[in-house]
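# Observations on the model geometry
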Amino acid sequence: MSAERTPKKPREEYRLRTRLIHGSFATGRWDYDHHVVPPQSSSATYRLSSVHRGAQGFIEFATPESRRAPIYIYDRLDEPSRGMLEENLAAAEGGEMAVTFATGMAAVSAALGILTAAGEQIVAHRILYGSTHSLMTSWLPRYKVRTDFCDLGDPESLLRVATKDCRVVYFETPVNPTMELIDMAAVRHFVDRLNAGRPEAERVHIVVDNTFATPYCQRPLAHGVDLVVHSLTKDICGFGTEMGGAVIGPNSYYNHLMLYRKDFGGVLSPKNAWPILVYGLPTLAARMVNQQKTAMHIADYLLRQPKVSRVIYPGLPNFPQHELARRQMTSSDGNFAPGSMLYFELRGRENTVESARQAAERFVDYIAEKSYTVTLAVSLGQIKTLIENPFSMTHASVPDDEKIRSGLQPGGIRLSLGLEDWHDIIADLEDALGVV
Ligand SMILES: *Cc1c(COP(=O)(O)O)cnc(C)c1O
């Protein structure tokens, strides 16, 4: 054995940006010594040195203690590349553990899967990622798990909707795509009221999808949330090359998440975990700092355009929930971190919703054809700037009246800022505004 590195300070004392690069690359999960970058693991099954060791592996599987020196048995149970990524994701969110999944939706369904059973209720914000909404309205009801929606912009409204069977309060903040924020500490306050006097097994859990903000801009566990879910496909991968998901939180959820993943089978392939471990998460902070600067420049530019009727970006001084944004969206160094997503609406030639919708279609179609820096595509959080029309595309499964009530207009445009030079992005947006 070669000499182990023993840094003078414990890892937790380094800043997040540094820790996301060096992570736990010396790990009990895998005893490789001289690689600066973890090797790629690719082994469906593992050699066991004795029946006793095999039996021990099954006994220890899915216990939080097993992570220190796991006995690997079979890829679907546990595996080193995924395990190292999980350690670093937990550190990024300030959680005790992370469990990864094949996609963000596999992570969302696992979080809801371990927390609910037939006859129980989920209370969710009325606007959600499209597939999360259809999971709750199309599939979970078949297992007699029902979801009631409310406006968590008014957190107290959850008290009016939650029944004694409620087990989960679920939302995204910023809300995709309207950028409205939900006050996590306030939700915690009202969920504590629901939980008062309830036995442990009937407790309500708060689950937040933190994909939009990323752990660089916001760490929901610190605001009283019980579990965080992520689509790793977005900013955490960051380059648009892999899909993945994660559930992050305290150790008490680890066992059920691992057992659920083993039996439902939605594991993250080590071939997808590796680029997220080596390229994605280590560059998250550097990308977010720059993407967010660009978002501020673009928001500022759009705000000054007469053809633009509304720009919603948490970094703008006129953002309606500016105080909450400053409280909730901060980097782990304490800097305001309003993120890299923005939403805007065009005015249209007449002052009608239909005319605004037509203007947005002309604008986006022009970009789809003529723009170099901005790409018409769903998904978000890549080094390339992406644009889309949420009403007709990503949020098609949310009922129209619900979307309009929540401030999502048919002509609304969502922009995910990438790493291009912001002057070039503005030039392309300016050209497209010319045809509106
Ligand atoms: C993309 C996304 C998901 C789903 O993630 P996949 O990796 O596509 O399965 C869930 N929530 C939000 C907010 C997302 O943007």
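Residues numbered from 1 in each chain as written. Predicted model: local features only at pLDDT ≥ 70, side-chain atom pairs only at ≥ 80, totals over all residues. Heavy atoms only, no water.

## Some points on the overall build of the protein chain
The condition that has to hold: Secondary structure counts use DSSP, requiring at least four H or I residues in a row for a helix and at least two E residues in a row for a strand, with both numbered from the N terminus. C-alpha atoms define the radius of gyration, and 2.2 Å times the number of residues to the power 0.38 defines the globule rule. Each residue is placed in one exposure class: buried if its accessible area under a 1.4 Å probe, protein chains only, is under 20% of its type's maximum, exposed if it is over 50%, and partly exposed if it falls in between. Between two residues, a contact is recorded if the distance between any of their heavy atoms is within 4.5 Å. Values of accessible area rely on a 1.4 Å probe in the Shrake-Rupley scheme; residue burial ignores everything except the protein chains shown. We treat Lys and Arg as the positive residues and Asp and Glu as the negative residues; His and chain ends play no part in the count. Every charge is mapped to an atom, namely NZ of Lys, CZ of Arg, CG of Asp or CD of Glu.
Counting its secondary structure elements, the protein chain contains 14 helices and 12 strands. In terms of overall size, the protein chain behaves like a compact globule, its C-alpha atoms giving a radius of gyration of 22 Å where 436 residues would be expected to give roughly 22 Å. Across its three principal axes, the protein chain shows a C-alpha extent of roughly 75 × 50 × 35 Å. Put simply, the protein chain has 436 residues, and 56% of those count as buried. When contacts within the protein chain are restricted to residue pairs at least 6 apart in sequence, those whose partners lie at least 24 apart make up 72%. Looking at the protein chain as shown, the accessible area adds up to about 18,800 Å², and 53% of this sits on carbon and sulfur atoms. The protein chain carries 46 positive and 50 negative side-chain charges, and their two centres are separated by 2 Å.

## Thoughts on the domain arrangement of the protein chain
As a reminder, the rule being used: Residue ranges labeled as domains rest on an automatic or database domain assignment. Buried area is calculated as the accessible area (1.4 Å probe) missing from two parts once they are joined, with the contributions of both summed. Salt bridges, as used here, are contacts in which a Lys or Arg side-chain nitrogen is within 4 Å of a carboxyl oxygen on Asp or Glu. Under the rule applied, a polar contact is a pair of N or O atoms within 3.5 Å (in protein, one hydrogen donor and one hydrogen acceptor; residues adjacent in sequence only if both atoms are side-chain atoms). Gly falls in the polar group here, along with every residue not listed as nonpolar (Ala, Val, Leu, Ile, Met, Phe, Trp, Tyr, Cys, Pro) or charged (Asp, Glu, Lys, Arg).
Taken domain by domain, the protein chain comprises domain 1 (17-279) and domain 2 (285-433). Each of domain 1 and domain 2 has a C-alpha centre, and the two are 28 Å apart. Counting residues at the interface gives 35 residues for domain 1 and 43 residues for domain 2. Of the roughly 3,400 Å² buried between domain 1 and domain 2 on both sides combined, carbon and sulfur atoms contribute 59%. Looking only at domain 1, the three residues that lose the most surface to domain 2 are Met179, Leu181 and Tyr216, adding up to 20% of its buried area. Connecting domain 1 to domain 2 are one salt bridge. Between Arg327 and Asp183 there is a salt bridge, and its shortest N-O distance comes to 3.4 Å. Put simply, domain 1 and domain 2 have 15 residue pairs in polar contact (both at pLDDT 80 or more) between them. Elements supplying a minimum of two residues to the side of domain 1 that touches domain 2: helix H5 (130-139), helix H7 (184-195) and helix H8 (214-217). A per-class count over the side of domain 1 that touches domain 2 returns 17 nonpolar, 11 polar and seven charged.

## Describing the sheet that holds strand S12 (residues 413-416)
Two pairing modes exist for strands in a sheet, parallel and antiparallel, and in both the strands are linked by backbone hydrogen bonds. Rules: Two strands are counted as paired when DSSP detects at least two bridges linking them. Orientation is described by axes fitted as lines to C-alpha atoms, over the contacting stretch for helices, and by angles from 0 to 180 degrees between their N-to-C directions.
On the basis of which strands lie adjacent, the open sheet formed by five strands has the order S8-S9-S12-S11-S10 and mixed pairing. Each having just a single partner strand, strand S8 (308-312) and strand S10 (374-376) make up the two edges of the open sheet. The sheet shows a mean angle of 25° between the axes of neighbouring strands, taken without regard to direction. The pairing of S8 with strand S9 (residues 341-346) spans four bridges and is antiparallel. Paired with Arg310 across the two strands is Glu345, which belongs to S9. On the sheet, helix H12 (residues 353-370) packs against S9, S10, strand S11 (385-388) and S12 and is oriented at approximately 125° with respect to S9. The strands touched by helix H14 (residues 422-433) within the sheet are S8, S9, S10, S11 and S12, with S10 carrying the most contacts at an inclination of about 55°.

## Points about the site of the ligand
Put simply, the rule is: A molecule or strand has a residue near it when one of that residue's heavy atoms lies within 4 Å.
The ligand sits among Thr103, Gly104, Met105, Tyr129, Asp209, Thr211, Ser231, Thr233, Lys234, Met243, Gly244 and Leu380. Contacts to the ligand include Ser231, whose side-chain N or O atom sits 2.8 Å from an oxygen atom. At 2.6 Å from an oxygen atom of the ligand is found a side-chain nitrogen or oxygen belonging to Thr233. Grouping the amino acids of the shell around the ligand by side-chain chemistry returns four nonpolar, six polar and two charged.

## Side note on the packing of aromatic side chains
By convention here, two paired aromatic rings are described through the distance between centres and the angle between planes. Convention followed: Ring pairs shown here join Phe, Tyr and Trp side chains whose ring centres sit within 6.5 Å, with only the six-membered ring taken for Trp; geometry is labelled stacked below 30 degrees between planes, edge-to-face above 60, and tilted in between. Charge-over-ring placement is defined geometrically: NZ (Lys) or CZ (Arg) within 6 Å of the ring centre, and within 35 degrees of the ring normal.
Within the structure shown, the criterion is met by four aromatic pairs. Between Trp274 and Tyr279, the aromatic rings sit 5.7 Å apart at their centres with planes inclined by 90°, giving edge-to-face as the arrangement. On the basis of relative accessibility, which here comes to 13%, the residue Trp274 falls in the buried class. When its relative accessible area of 46% is taken as the criterion, Tyr279 is described as partly exposed. Geometrically, the ring pair formed by Phe344 and Phe363 is edge-to-face, given 5.9 Å between the ring centres and 85° between the ring planes. Taken together, the residues Phe344 in strand S9 and Phe363 in helix H12 connect sequence positions 19 residues apart. Neither residue differs from the other here; Phe344 and Phe363 are each classed as buried. Residue placement shows Lys9 over the ring face of Tyr14; its charged tip is 4.6 Å from the ring centre. Positioned above the aromatic ring of Tyr254 is the side chain of Arg67, whose terminal nitrogen or guanidinium carbon lies 4.4 Å from the ring centre.

## Section: the packing of helix H4 (residues 104-115) against H5
Selection rule: A clockwise turn of the near helix away from the far one marks a right-handed crossing, whereas an anticlockwise turn of less than a right angle marks a left-handed crossing.
Put simply, H4 and H5 touch, their axes get as near as 10 Å, and they point 35° apart. Considering only the axes of H4 and H5, their crossing is right-handed. Here Met105, Val108, Ser109 and Leu112 of H4 lie close against H5, whose contacting residues are Ser131, Thr132, Leu135 and Met136. Taken together, the residues of the contact of H4 with H5 break down into five nonpolar, three polar and no charged.

## Brief notes about the pattern of salt bridges
Evaluated as defined, the whole model comprises 24 salt bridges. Of the charged contacts, one joins Arg29 and Glu87 as a salt bridge, the two residues approaching to 3.6 Å between their closest N and O atoms. Here Arg29, found in the loop between helix H1 (16-22) and helix H2 (51-60), pairs with Glu87, found in helix H3 (residues 80-93); they are 58 residues apart in sequence, far enough to count as distant. Overall, Arg29 belongs to the buried group, its relative accessible area being 2%. Residue Glu87 is classed as partly exposed on the basis of its relative accessible area of 23%. Across the salt bridge formed by Glu361 and Arg357, the nearest N and O atoms sit 2.8 Å from each other. With Glu361 and Arg357 both in helix H12 and four residues apart, the pair spans about one turn of that helix.

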